[in-house]
Amino acid sequence: MDLDAYVAAHRGDWERLEELTKQRRLSGAEADEILDRYQRVATHLSLVRSTAPDPSLVAYLSMLLAKARSKSAGTRTMSWSDVGRFFGQTFPAALYRMRRWWITVLVLDVVLVVVMGWWLLSHPSVESSLASPEQIRQLVDNDFERYYSEYAATSFALRVWTNNFWLSALCVASGVFGLPVVYLLVTNMANLAVVGSIMIRHDRGGLFFGLIAPHGLLELTCVFVAAGVGLRLFWAWVEPGARTRAQALGAEGRAALATSLGLVALLLVSGLIEAFVTPSPLPTWARVGIGVLAEAAFFTYVFTAGRWAHRRGETGDLAEAYRGAELPVAG
């Protein structure tokens, strides 16, 4: 290939693409044009690399493509339709797709709490090794109930939301290693079993479930979802199937990101319930009923909107929910 002639023939395309990358704002037509020219220049770069790999030209075109990719990604702004599509299709489809993982985690953890609680109630001597009689009395008579009304509702909601999201984020982020997720789950379930058994032994079981159930059903479900997503990442690394490990982790990582973003909203709902409903003067049946309704709404959301969106995704309508929407990289 005559490199000089090739450069002369296509310099106009390159200069126009460079001009578009320097503009502060792009119109709709210009946004379409930058995508079109990106594809052309990517083809040019691929051809130059394979036939006449001039280092300076390759560097120039690579830099130009990087600028165009960055500019194109920045031209699209989030709209309400994007938010609606995310919560109406992408998020529920991701939850439904990974339902076996987080439902398995949910069932195993519920069984673990029940077994640990039963064992603790059957062995009263263990309680005295965990805390002194004064500490137990303080927990039963004051601390457990006061925790939910100690702070102003708005600041408490923010605090709860932040703590729960941090725990969920740890489950997802450490999921690729597997064991940290198991440790986080067992630790939290053990704490729940210990406190529950102490409250039940001292005839405060009604207070315990009346304060835990309103927000705890949805809150713990979110944690179980995050743990299931994290363990799915771990399994993608262990057993990638026909894909490479990098491809498997990339695909599951994108689905995990979508799920994590959705959990932010669900944990906010849980935090608001914990701040405003749990300590409220409503009767216990009403507070627990709100928690049950929130949990039922979540499962209805997953198995109606999620199932529908997942099936559409399998036919291609929601392929972007599981793939990166990046421009192709040249070469």
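Residues numbered from 1 in each chain as written. Predicted model: local features only at pLDDT ≥ 70, side-chain atom pairs only at ≥ 80, totals over all residues. Heavy atoms only, no water.

Draft legend 1. Spotlight on the overall build of the chain. Each helix and strand in the chain was counted, giving twelve helices and zero strands. For the chain, the proportion of its 331 residues judged to be buried stands at 42%. As displayed, the chain offers around 17,800 Å² of accessible surface, 63% of which is attributable to carbon and sulfur atoms. (Helix = DSSP H or I, 4+ residues; strand = E, 2+ residues; numbered from the N terminus. Buried < 20%, exposed > 50% of the residue type's maximum accessible area, 1.4 Å probe, protein only. Areas by Shrake-Rupley, 256 points an atom, 1.4 Å probe, with all protein chains shown as cover.)

Draft legend 2. Region of the structure containing the pattern of salt bridges. Applying the stated criterion to the full structure yields nine salt bridges. R201 is paired through a salt bridge with E127; the nearest N and O atoms lie 2.8 Å apart. Of this pair, R201 sits in helix 9 (residues 179-201) while E127 sits in helix 6 (residues 125-130), and the two are 74 residues apart along the sequence. Overall, R201 belongs to the partly exposed group, its relative accessible area being 26%. Linking D143 and R146 is a salt bridge whose minimum nitrogen-to-oxygen distance equals 3.1 Å. (Salt bridge = Lys/Arg side-chain N within 4 Å of Asp/Glu carboxyl O.)

Draft legend 3. View of helix 10 (residues 205-238). The end-to-end C-alpha distance of helix 10 is 42 Å, clearly below the 50 Å that 34 residues give at a rise of 1.5 Å each. Of all the bends in helix 10, the greatest measures close to 55° and is centred on G216. (Expected span 1.5 Å × (residues − 1). Bend = angle between axes of the 7 residues up to and from the residue.)

Draft legend 4. Seen up close, the environment of L64. The residue L64 is located in helix 3 (residues 55-75) in this model. Residue classification places L64 among the buried residues on the basis of a relative accessible area of 1%. Ignoring anything within four residues of it in the chain, the contact list for L64 reads W14, L17, E18 and V41. (Contact = heavy atoms within 4.5 Å.)

Draft legend 5. Looking closely at helix 9. The end-to-end C-alpha separation of helix 9 is 32 Å, in line with the 33 Å expected for 23 residues at 1.5 Å each. Of all the residues in helix 9, the buried ones are V181, L184, L185, M189, A190, A193, G196, S197, I198 and M199. In the stretch just after helix 9, D203 is the one whose phi turns positive, near 60°.

Draft legend 6. Just the side chain of E127, in detail. The class of E127 is buried, set by a relative accessible area of 12%. Separated by 2.8 Å, the side chains of E127 and R201 make a polar contact. Ignoring any residue separated from it by four or fewer positions in sequence, one finds E127 in contact with I136, I198, R201 and H202. (Polar contact = N/O pair within 3.5 Å; in protein donor to acceptor, adjacent residues only side chain to side chain.)

Draft legend 7. Region of interest: unusual backbone geometry. Of note in this structure, D203 is not a glycine but carries a positive phi near 60°. Position of D203 relative to the elements: it lies in the loop between helix 9 and helix 10.

Draft legend 8. Expanded view of a nonpolar patch on the surface. A cluster of nonpolar side chains, contributed by V107, V111 and V115, occupies part of the molecular surface with about 240 Å² of accessible area. Considering the arrangement of structural elements, one finds V115 in helix 5 (residues 99-122). Under the relative-accessibility criterion, V115 is labelled partly exposed at 47%. (Patch = residues over 30% accessible without salt bridge, like charges linked within 9 Å, V, L, I, M, F, W, Y side chains within 5 Å.)

Draft legend 9. Main features of the nonpolar core. Judged by nonpolar contacts, the single largest core of 41 residues is most densely connected at L185, V225 and F298. Looking at this core, the elements with two or more residues in it are helix 4 (80-97), helix 5, helix 8 (153-173), helix 9, helix 10, helix 11 (245-276) and helix 12 (284-314). Examining the composition of this core, we find that ten residues originate from one element, helix 10, more than from any other. Residues in contact with V225, not counting those within four places in the same chain, are L95, W102, T259, L263 and F298. Counting residues in hydrophobic clusters, the runner-up holds 19 residues, among them L17, Y38, A42 and V58. (Core = buried A, V, L, I, M, F, W, Y, C linked by side-chain atoms within 4.5 Å.)

Draft legend 10. Summary view of the confidence of the model for the chain. On average, residues of the chain carry a pLDDT of 81, and 87% of them reach 70 or more. At the low end of the mean pLDDT range in the chain sits helix 8, at 71; at the high end sits helix 5, at 93. Confidence drops under a pLDDT of 50 for residues 314-331, and excluding neighbours within four residues, the segment shows 34 contacts in the predicted structure. (pLDDT = per-residue confidence, 0-100.)

Draft legend 11. The packing of helix 7 (residues 133-146) against helix 9, seen in detail. In the contact formed by helix 7 and helix 9, the axes pass within 10 Å of each other and the chain directions differ by 90°. When the axis of helix 7 is compared with that of helix 9, the two are roughly perpendicular. Side by side, helix 7 and helix 9 meet where I136, L139, V140 and F144 of the first sit next to V195, I198 and M199 of the second. When the residues that make up the contact of helix 7 with helix 9 are grouped by side-chain class, the tally is seven nonpolar, no polar and no charged. (Axes fitted to C-alpha atoms, helices over the stretch in contact; angles between N-to-C directions. Parallel < 35°, antiparallel > 145°, perpendicular 65-115°, else oblique. Nonpolar A, V, L, I, M, F, W, Y, C, P; charged D, E, K, R; others polar.)

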